[in-house]
Amino acid sequence: METPIQIEFQGMEPVEPVRSAIAKHVADLESRFGRVTACRIVLKAPGGHHRTGGHYEVNIHLALPNGREVTIDRTATADERRADVSFAVNDAFKRARRRLQDQVRRMQGQVKTHEERPT
């Protein structure tokens, strides 16, 4: 990776086990695909206004060569398991791995393209 990993914690104090788990996930992505040039992760803690607690949000932005990007910012529907920070991080990186895999296939030309209809 050309730039260091940027990890931002919003609404919570930085936690070393979470930071190391994120670094491990990023290293796994980089070892699988090897062409990640920059990575920014934002981990948002649940708001304190709910009685039962909220869900963690994990936003991931990966920069690839040739100006291509992979962004995971959609939070899944209300799922009880997202109240656990480790599940939220693992789930977000699972989605990132899938999107990165699709983007790499497009870059390598392994995706079937359709010809335009004759007019």
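So, here's what we can say about the structure.

Quick notes on the rules
- Residues numbered from 1 in each chain as written.
- Predicted model: local features only at pLDDT ≥ 70, side-chain atom pairs only at ≥ 80, totals over all residues.
- Heavy atoms only, no water.
- Salt bridge = Lys/Arg side-chain N within 4 Å of Asp/Glu carboxyl O.
- Helix = DSSP H or I, 4+ residues; strand = E, 2+ residues; numbered from the N terminus.
- Buried < 20%, exposed > 50% of the residue type's maximum accessible area, 1.4 Å probe, protein only.
- Pairing = 2+ DSSP bridges.
- Right-handed = clockwise from strand over helix to strand, strands pointing away.

1. Quick notes on the pattern of salt bridges
Pairs may arise between side chains of opposite charge once their charged atoms sit close together.
Next, step 1: Considering all chains together, one arrives at five salt bridges under this definition.
Next, step 2: A salt bridge links Arg 40 to Glu 8; the nearest nitrogen and oxygen atoms lie 2.7 Å apart. Separated by 32 residues along the polypeptide, Arg 40 in strand E2 (residues 38-44) and Glu 8 in strand E1 (residues 6-10) bring together distant segments of the chain.
Next, step 3: Note on Arg 40: relative accessible area 36%, which makes it partly exposed.
Next, step 4: On the accessibility criterion, Glu 8 (27% relative accessible area) is partly exposed.
Next, step 5: Between Asp 102 and Arg 98 there is a salt bridge; the shortest N-O distance is 3.9 Å. Residue Asp 102 and its partner Arg 98 are both found in helix H2 (residues 85-108); the two are separated by four residues, about one turn of the helix.
Next, step 6: A relative accessible area of 24% places Asp 102 in the partly exposed class.
Next, step 7: Shared partners join several salt bridges into a network, and the residues in it are Arg 98, Asp 102 and Arg 105.

2. Topic: the pairing of E1
Next, step 1: Of the two faces of E1, only one is covered, namely that formed by Ile 7 and Phe 9; the face formed by Gln 6, Glu 8 and Gln 10 stays uncovered.
Next, step 2: Across five bridges, the pairing between E1 and E2 is parallel. The partner of Phe 9 across the bridge, within E2, is Leu 43.
Next, step 3: As a crossover connection, the stretch from E1 through helix H1 (residues 16-33) into E2 is left-handed.

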